Each structure stands twice: as C-alpha cells, then as structure tokens.
Amino acid sequence: NLHLLPFFHEQTMQSISVQRLEEFYKKLLLKVTPKGTLLAPKTTLDILSVMKSILVYANTKKYLQYLPPLRFECRPLVKKLVILSERNQKILSSYLCLHLTYRNLGILICMYTGIRLGEICALTWEDISLTEGSIYIDKTIQRFQKEHNGKKTMLIIATPKTPSSIRTIPIPNQLLQIIKSSELPQKGYLLTGSTEKYIEPRTYQYHFKKLLQRCKIPETNFHALRHTFATRCVELGFDIKTLSEILGHSSINITLNRYVHPSFDLKKQNMNKMNELISFR
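Below: a short report on this structure. Values in this document were obtained by computation on a predicted structure and should not be read as measured data. (Residues numbered from 1 in each chain as written. Predicted model: local features only at pLDDT ≥ 70, side-chain atom pairs only at ≥ 80, totals over all residues. Heavy atoms only, no water.)

## With respect to the packing of helix H10 (residues 240-247) against helix H11 (residues 252-259)
Where H10 contacts H11, the axes come no closer than 9 Å and their chain directions differ by 100°. As the angle between them shows, H10 and H11 are arranged roughly perpendicular. On H11, the residues touching Ile 240, Lys 241, Leu 243, Ser 244 and Leu 247 of H10 are Ile 252, Thr 255, Leu 256 and Tyr 259. For the contact of H10 with H11, the per-class residue count stands at six nonpolar, two polar and one charged. (Axes fitted to C-alpha atoms, helices over the stretch in contact; angles between N-to-C directions. Helix = DSSP H or I, 4+ residues; strand = E, 2+ residues; numbered from the N terminus. Parallel < 35°, antiparallel > 145°, perpendicular 65-115°, else oblique. Contact = heavy atoms within 4.5 Å. Nonpolar A, V, L, I, M, F, W, Y, C, P; charged D, E, K, R; others polar.)

Encoded structure:
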C-alpha cells in the first residue's frame, strides 16, 4: 500500500519489465521517510522481497509468462552494538532487585535471558515454570497497520514471526531465586499481574528510559538489554549453538556475525597455541 501499489497500480503483471523494476529500486533508494531520513537498507530489501514473492506467485499461476530477475543488493550498514558496561549492568541489577515491581522484574529477566521487548510484554506467569526453572516463549506483541493508508495501527498478541523464536529458555539459578522470593502475585501477564491488562512495548520502553535516568546510566534503547546478554554470554564462553537457540535466532550465522567478534588479545592467545608445533631444531 505504501510502496508497491503507488508505483505499479496502473500496470498489468505482463507489462512489468526489468527496466521498470530497476526504476522502482532506484526510487526506493532515494525515498525519504516522514522523519526526513532515507529508507533503511533492511526496509528496502523487505519491500523487494514482497515484490519478488508477487512475481513468483504470478508466474506459478501463469499470470506471468516470464519471470523478471530481481538481483538488487542493498547491504545494510553495520551498526555498532550498544551494550551496558559491566559496572552499569551491576548498578541496574542492584536497583531492580531493591525495587522489585512487576515491571522491574521484567527488565531483570530480559537482561539475563535475552528475551525481546515484544516477548516480555506478552509473557504470562503461566509461561514461567519455577519447578523446571524455565521460560517458554511462544507469543509476542506486534503492532500492525489497521487501515490501508497506514496511518492507524493496532496491537495484537500473536505467535513469533519465525519458528525458531518459539523456544524454552533455562533461567539462571540466581535469577530463579529472585523470582521465587518475590512477593508479587503470580497470575496474568508478567508485567502487570493482571489477566486482562498488558503493557504495550512503547510504554515499557519509556519505563526503561526512566530507570536509566534514576540509576544515572547513559540513555540507550531497550534492545541493549538483549545485546548485553548475548555479549556477556560470548565473553563467558557459551557454546554458540546454545546461545543461538536461547536468543531464538533462525540461523547460527546470525549469532556469529552479530556477537562473535574476538579482540586482538584473544586472537593472539589462540595463535600462541601454535607455539608447541613450531620447532627450530
């Protein structure tokens, strides 16, 4: 509705040529968002992916005799991961434990399990097994466009986008004891204790921002909790396959490319393992 129809609405499937697709691609690269910025590379790729799916479907149904190739590359910029320093992580952890409300417990769980924002907002106490020491993730809160013009949106609780996001996460023993010792009634949604009322992601992000201000920690986004968890796991020597499944990544390569970046000192330590094999005699 926002990108494809305005550009192709007067065309039949048969009239969509490679040249026309290239024009569309170039227009996407120059398109400015309402915020005054260019479309993110990931957004551009998603739009092209939808277009490709339409063309493939049309070709399968014989609406299109020739399938134009889509060979456009739009490499996303590599963003530097923002994580909490060990000092700030300890400061935040201490504050949360001393002020253990529903919302603060949720922040603590995210910091030590890597749960996503939408997942923690949709989490219920029934998803937490205190006997097995695990959290079951099978739903998330997502915002969808309510009308075709894309101006109005609505929140729904649905299953995650990928099957790999449906997972069971073991709870660290220390965190498990904190959850067990809390005096919070364990019913309904984790962040509210209500069976009907939940907290939407934007509201919870605002709460997180306020917490950082109280703890005098530099402002960062909520996703930094997930990055912090994953980074600490790598530093502690977690098996990457295990970490990938805990994070709910669809591929181990996502985990490797995003979080596994050895320092020069670590590279040097590994290279020095060759010393025993080197002989000058």
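## Observations concerning the sheet that holds strand E5 (residues 167-170)
Read across the open sheet, the three strands follow the order E1-E2-E5; overall the sheet is antiparallel. Each having just a single partner strand, strand E1 (128-129) and E5 make up the two edges of the open sheet. For strand E2 (residues 134-137) and E5, the ladder comprises four bridges, and the chain directions are antiparallel. Opposite Ile 135, over in E5, you have Ile 169 as the bridge partner. (Pairing = 2+ DSSP bridges.)

## Considerations on the nonpolar core
In terms of nonpolar packing, the biggest core is built from 47 residues, with Leu 92, Ile 109, Ile 120, Leu 190, Tyr 204, Phe 222 and Leu 225 touching the most fellow members. Contributing elements (two or more residues each) for this core: helix H4 (86-98), helix H5 (102-113), helix H6 (117-122), E2, helix H7 (173-181), helix H8 (201-214), helix H9 (224-235) and H10. By size, the runner-up hydrophobic cluster in this structure holds 15 residues, among which are Leu 21, Phe 24, Leu 48 and Leu 64. (Core = buried A, V, L, I, M, F, W, Y, C linked by side-chain atoms within 4.5 Å. Buried < 20%, exposed > 50% of the residue type's maximum accessible area, 1.4 Å probe, protein only.)

## A few points about the pattern of salt bridges
By the definition in use, this model includes eight salt bridges. Residues Lys 139 and Asp 138 are paired through a salt bridge, measuring 3.4 Å at the closest nitrogen-oxygen approach. Taking the shortest distance from any N to any O, the salt bridge between Arg 232 and Glu 235 comes out at 3.2 Å. Note that Arg 232 and Glu 235 are positioned in helix H9 at a spacing of three residues, about one turn of the helix. For Glu 235, a relative accessible area of 49% translates into the label partly exposed. Through salt bridges with shared partners, one network takes in Arg 116, Glu 119 and Arg 167. (Salt bridge = Lys/Arg side-chain N within 4 Å of Asp/Glu carboxyl O.)

## Quick word on unusual backbone geometry
Backbone geometry follows two general trends: most residues other than glycine have a negative phi, and most peptide bonds adopt the trans configuration. At Lys 62, a residue that is not glycine, the phi angle is positive and equals roughly 70°. Here Lys 62 lies in the loop between helix H3 (41-60) and H4. Overall, Lys 62 belongs to the exposed group, its relative accessible area being 70%. Of note, the phi angle at Lys 216 is positive, near 55°, even though the residue is not glycine. Within the element layout of this structure, Lys 216 appears in the loop between H8 and H9.

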